[in-house]
Amino acid sequence: MSSDTPGGPGAHPDHATLDEGAAQDLLRGICFKTGPPRIVGVELEWLIHDQENPATPVAQERLDSAVTALRELPLSAALTFEPGGQLELSSQPAGSLMECIGTTAADLAAVRASLGRDGLAPVGLGVDPWQTPHRRLREPRYDAMEAALDRAGPSGRAMMCTSASVQVCLDSGEQEPGPLGYGRRWQLTHLLGAVLVAAFANSPFRQGRPTGWKSTRQALWADLDPVRTLAPGSGLPPREAWAAHVLDTTVMCVRREEGPWDVPEGLTFREWIRTGAPRPPVRADLDYHITTLFPPVRPRGHLELRMIDAQSGADGWLVPLAVATALYDDPEAAETVYRTVKPLAESAGSAPAPRNPLWTTAAREGLADPELRAAATVCFDTALTALDRMGADKAVRDTVAAFNDRYVARGRCPADDLLESGVLTDPIRPTDLIGSTDGPHTGRVTSA
């Protein structure tokens, strides 16, 4: 979940009231900015655990001290924190994959060292395997978010406080049709996304027990709100589909300059515009509303791929970044992967992601599903070839190849190692979860 909050506390929204036509024009204009793909970014979320006793909650005072030290670091990325205390690094837009990896790796090294001085470590898991949801950040927007999501059940709090992800940010694509066209890329995301869920599933436990899902994180996201987490329905071009989806999704909250934020029930943004109650919405309200929508892929001028579990190991995070960038931005790879995943539409059916059979199977079974395994095999082979063409260095290619050999080629995902290792139930080896700095192919859950 992104912590970006345009118009958050202390901001002064534009005073020009939005009408429905202006809102639609804004959405069509700002959400898909077209041009040749050239920019890449990544947002990395991490759970913060004690190095020696990862199952024990970190005391608030200790976490506050660590956060103070982190905020003094000269990082390239933006440093923020999620409601449960998860750390998020949001890279600056980079002109190449290798630039993005290089700056992010340097930031992570500084973060890891700083946390290590406090006996803490950033841990890459899609869901905290031990902790119950406990909100550490007390801000009006999180109070309102919690109240709104509680209406649908407990999954919202679990998402807010115990989940972590790798979010890959890529350009929307070219205006013209073709393998790099934005329409093709938008269609691709909702099929390839299920393959990425399955390949990188890394959250089979919650509150000390197996959940029956390889990606419990994805299961939580699919469950936390009836509409907010869905992709737009099919049948309309991408810009029109997204604009309609944004306007017809309920408003999570109405911000106030002072005091608690309003949490209306059943009020869509379109209805808010039409009624003007509890106050007329302005541009900043629309910007904020978009940040409260959590589909698998969110268009923000660029495309945010939001379906990937946080990855274990010192360099596990770079595998989904490299694979997704190669498959989307290399024209030959994009054409190959589109042909590969297009047949998955039959398994997906007519329901939008992530609440269709394809995405449910990906989250529950990972690459144990034969259809997803076959697609992932082609996708990773294609990505490795494309990374060579894109100038990715040998270390990056070797890391992706190692992940492919250990998991994809064997029809496995990181969750399978966790389920077999017994590290959650063996009290003799708690440090196995964060103590190693081996690569993501070691079969252990390790620190960043």
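Each value, and the rule that gives it
Residues numbered from 1 in each chain as written. Predicted model: local features only at pLDDT ≥ 70, side-chain atom pairs only at ≥ 80, totals over all residues. Heavy atoms only, no water. Helix = DSSP H or I, 4+ residues; strand = E, 2+ residues; numbered from the N terminus. Buried < 20%, exposed > 50% of the residue type's maximum accessible area, 1.4 Å probe, protein only. Contact = heavy atoms within 4.5 Å. Pairing = 2+ DSSP bridges. pLDDT = per-residue confidence, 0-100. Phe/Tyr/Trp six-rings, centres within 6.5 Å; stacked < 30°, edge-to-face > 60°. 1 Å grid on protein atoms, 1.4 Å probe; cavity = no way out; pocket = protein on both sides within 12 Å on 5 of 7 lines; lining within 4 Å. Points joined across faces, edges and corners; volume = space filled by probe spheres on them. Nonpolar A, V, L, I, M, F, W, Y, C, P; charged D, E, K, R; others polar.

Novice: I'd like a description of the overall build of the chain, backed by residues and values.
Specialist: Broken down by element type, the chain carries 17 helices and 9 strands. Considered along the principal axes of its C-alpha atoms, the chain spans approximately 60 × 55 × 40 Å. By the burial criterion, 57% of the 448 residues in the chain qualify as buried. A separation of at least 24 residues holds for 76% of the contacts in the chain among residues at least 6 apart in sequence.

Novice: An account of the pairing of strand E3 (residues 87-90) is requested, with residue identities and associated values reported.
Specialist: Side chains on a regular strand alternate between the two faces of the sheet. Burial along E3 is two-sided: Leu87 and Leu89 facing one way and Glu88 and Ser90 facing the other are all buried. As paired strands, strand E1 (residues 40-50) and E3 are joined by 4 bridges and run antiparallel to one another. Residue pairing for E3: tryptophan 46 is matched across the bridge by leucine 87. With 4 bridges connecting them, strand E2 (residues 78-81) and E3 associate as antiparallel partners. Along E3, the bridge assignment pairs phenylalanine 81 with leucine 87. Counting the residues in the hairpin turn of E2 and E3 gives 5 residues, including glycine 85, whose phi is positive at 95°.

Novice: Which residues make up the confidence of the model for the chain, and what values go with them?
Specialist: The predicted model of the chain averages 91 in pLDDT, with 91% of residues at 70 or higher. Across residues 427-448, confidence stays below pLDDT 50; counting only partners more than four residues off in sequence or on other chains, it has 71 contacts.

Novice: Quick rundown of the packing of aromatic side chains? Include the residues and the values.
Specialist: Under the counting rule described, the total for this entry stands at 9 aromatic pairs. Centre to centre, the rings of phenylalanine 200 and phenylalanine 403 are 5.0 Å apart; their planes meet at 35°, and the pair counts as tilted. Of this pair, phenylalanine 200 sits in the loop between helix H6 (182-199) and strand E6 (205-206) while phenylalanine 403 sits in helix H16 (residues 394-406); the two residues are 203 residues apart in sequence, bridging distant segments of the chain. Among the residues examined, phenylalanine 200 registers a relative accessible area of 0% and is labelled buried. Accessibility expressed as a relative area gives 1% for phenylalanine 403, which makes it buried.

Novice: Mind laying out the layout of surface pockets, listing which residues take part and the relevant values?
Specialist: Empty space among the atoms becomes visible once a probe the size of a water molecule is rolled across them. The computed volume of the largest pocket comes to approximately 520 Å³. Taken together, 24 residues form the lining of the largest pocket, with Gln187, His190, Pro232, Gly233 and Ser234 sitting closest to its centre. Listing elements by their share of the lining of the largest pocket, those giving two or more residues are H6, helix H8 (238-248) and helix H13 (344-348). By residue number, the principal contributor to the lining of the largest pocket is H6, which donates 5 residues. Considering only residue class, the lining of the largest pocket consists of 14 nonpolar, 9 polar and 1 charged.

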